[in-house]
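The residues making up each chain are set out below.
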Amino acid sequence: MARFEMHNAETATMGGDNSADVFCEVGLMYATGRGCEVDLVAAHKWLNIAAIKGNDRAAELRADVAAAMDKMQIVAALRAAREWMTVH
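Criteria and thresholds
Residues numbered from 1 in each chain as written. Predicted model: local features only at pLDDT ≥ 70, side-chain atom pairs only at ≥ 80, totals over all residues. Heavy atoms only, no water. pLDDT = per-residue confidence, 0-100. Helix = DSSP H or I, 4+ residues; strand = E, 2+ residues; numbered from the N terminus. Contact = heavy atoms within 4.5 Å. Expected span 1.5 Å × (residues − 1). Buried < 20%, exposed > 50% of the residue type's maximum accessible area, 1.4 Å probe, protein only. Polar contact = N/O pair within 3.5 Å; in protein donor to acceptor, adjacent residues only side chain to side chain. Salt bridge = Lys/Arg side-chain N within 4 Å of Asp/Glu carboxyl O. Phe/Tyr/Trp six-rings, centres within 6.5 Å; stacked < 30°, edge-to-face > 60°. Core = buried A, V, L, I, M, F, W, Y, C linked by side-chain atoms within 4.5 Å.

S.K.: Before we move on, could you go through the confidence of the model for the protein chain and cite the residues and values that matter?
M.R.: Looking at the protein chain as a whole, the pLDDT averages 88, with 81% of positions reaching at least 70. Model confidence for the protein chain, summarised as mean pLDDT per element, is weakest for helix 1 (residues 6–11) at 54 and strongest for helix 3 (residues 40–52) at 98. Confidence drops under pLDDT 50 across residues 1–5; counting only partners more than four residues distant or on other chains, this segment forms six contacts.

S.K.: Break down helix 3 for me, citing the residues and quoting the values.
M.R.: A rise of 1.5 Å per residue sets the reference length of helix 3, with its 13 residues, at 18 Å; its end C-alpha atoms lie 18 Å apart and thus fit the reference within 8%. Taking burial as the measure, the 13 residues of helix 3 include 10 buried ones, the bulk of the element. The backbone nitrogen of Val-41 lies 3.2 Å from a side-chain oxygen of the residue at the head of helix 3, namely Asp-39. Immediately downstream of helix 3, the backbone of Gly-54 shows phi near 105°, a positive value.

S.K.: Could you give an account of the side chain of Glu-25, naming the residues involved and the relevant values?
M.R.: Among the secondary structure elements, Glu-25 is positioned in helix 2 (residues 19–32). Only 3.3 Å separates the side chain of Glu-25 from the side chain of Arg-34, close enough to count as a polar contact.

S.K.: With reference to specific residues and values, describe the pattern of salt bridges.
M.R.: When their charged atoms lie close together, side chains carrying opposite charge are able to pair. Per the stated rule, a full pass over the model turns up one salt bridge. Across the salt bridge formed by Arg-34 and Glu-25, the nearest N and O atoms sit 3.3 Å from each other.

S.K.: For the packing of aromatic side chains, give the residues involved together with the corresponding values.
M.R.: As enumerated under the stated definition, the model contains three aromatic pairs in all. For the ring pair Phe-23 and Trp-84, a centre distance of 5.2 Å and an interplane angle of 75° mean the geometry is edge-to-face. Of this pair, Phe-23 sits in helix 2 while Trp-84 is found in helix 5 (residues 71–87), placing the two residues 61 residues apart along the sequence. Assessed through its relative accessible area of 0%, Phe-23 is described here as buried. By relative accessible area, which is 4% here, Trp-84 ends up buried. Measuring from centroid to centroid gives 5.6 Å for Trp-46 and Trp-84, while their planes differ by 70°, and the two rings are edge-to-face. With Trp-46 in helix 3 and Trp-84 in helix 5, this residue pair connects regions lying 38 residues apart in the sequence.

S.K.: Describe the nonpolar core, listing the residues and the values that go with them.
M.R.: Residues Cys-24, Tyr-30 and Trp-46 are the most contacted members of the largest nonpolar core, which totals 21 residues. Listing elements by their share of this core, those giving two or more residues are helix 2, helix 3, helix 4 (56–66) and helix 5.

Below you can see the structure in the form of structure tokens.
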């Protein structure tokens, strides 16, 4: 499996063929702590963006991550995803 650096997710274009897959992989990276510290807020953010862009698997994974989060963490993740989508 390819390793995705954070800058790939930050700079992926909205029209990219595989951007949803990149965002899903970044979400999984944060959810599992693969190469970084576990960060459920960041994981939810990137999985949410991937789901919005059409990755069905990301929507399922986002629900799993959300089950381990409190309400404030979910609010923070949704806000971060919304801010990212506004800019990109």
